[in-house]
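# Inside the fold
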Amino acid sequence: VILRYEPSDKGLPYLKVKLIQKKGGAFPPISLSKELKFDGEPGAILKTYEDEWYGSATTVIEMDGELDASKMGEQLAEIEASMGGLAGKSPTELAEAMETMKKAPGTL
C-alpha cells in the first residue's frame, strides 16, 4: 500500500492524493463504489481505477482537490458510505475522526 501526494489538477496549493493498493497484497483492499464530485472552490473529485505500479497490478483510489469545510460532515458521510473494506469500529468512524481533526493541516 502506497499513499502518494501529487500537485492537483486544480493547481497548487491543492493536492491530489492517491491510495495505491497492490492487487493480491497483504493488506485488505479498500474500495470506492462510485465516483464522487463535490462542488465548491476548488471542490474535490474522488475516483477509483486500475493501474500498474512498477510492474504490479494495482487499484488506485484518488482524491483531487479539497472538501468544503462548511459541508465537511455531509461530504465525509457520503465518502464513507461509498467506501468498502474500511473495517472501522463503527460505520462512521472515519467521518468522526476527520471531523474531530478538521482544523489540522491537510485534513480537508
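The structure this text deals with has already been given above.
One structure accompanies this document, and this report is about it.

Thresholds, definitions, all that
Counting restarts for each chain: residues are numbered from 1 in the order of the written sequence. Local features in this predicted model are restricted to residues of pLDDT 70 or higher, and side-chain atom pairs are both shown and tallied only at a pLDDT of 80 or more, whereas totals for entire chains, interfaces and linings draw on every residue. Remark: hydrogens and water are excluded; side-chain values derive from all non-hydrogen atoms of the structure. Strand pairing is assigned whenever DSSP identifies at least 2 bridges connecting the two strands. Helix and strand definitions here come from DSSP, where helices need a minimum of 4 consecutive H or I residues and strands a minimum of 2 consecutive E residues; each element is numbered from the N-terminal end. Orientation is described by axes fitted as lines to C-alpha atoms, over the contacting stretch for helices, and by angles from 0 to 180 degrees between their N-to-C directions. Should any heavy atoms of two residues lie within 4.5 Å, those residues are counted as being in contact. Remark: nonpolar core denotes a set of buried residues (Ala, Val, Leu, Ile, Met, Phe, Trp, Tyr, Cys) joined through side-chain atoms within 4.5 Å. Residue burial is assigned from relative accessible area. The probe radius is 1.4 Å, only protein chains are included, and a residue is buried under 20% of its type maximum, exposed over 50%, and partly exposed in between.

### Considerations on the sheet that holds strand β4 (residues 36-38)
Spatial strand order, β1-β2-β6-β5-β4: five strands in an open sheet with antiparallel pairing. Each edge of the open sheet carries a strand with a single partner, namely β1 (2-7) and β4. Averaged over all pairs of adjacent strands, the angle between strand axes in this sheet comes to 25°, irrespective of strand direction. Where β1 and strand β2 (residues 15-22) come together, six bridges link them in antiparallel fashion. Paired with Y5 across the two strands is V17, which belongs to β2. Along the sheet, helix α1 (residues 72-82) contacts β4 and β5 (44-53); its crossing angle with β4, the most-contacted strand, is approximately 175°.

### Focus: the pairing of β5
Sheet topology note: the β4/β5 ladder contains three bridges and is antiparallel. Across the sheet, K37 pairs through a bridge with I45, a residue of β5. Judged from the ten bridges that link them, β5 and strand β6 (residues 56-65) form a sheet pairing that is antiparallel. By the bridge assignment for β6, A44 is matched with G65. Connecting β5 to the next strand, β6, in antiparallel fashion are two residues, including Y54 with a positive phi near 50°.

### Remarks on the nonpolar core
Counting residues in each nonpolar core, the largest one holds 14 residues, and the members touching the most others are L32, L36, F38, L46, L67, I79 and M83. Top contributing element to this core by residue count: α1, with three residues.

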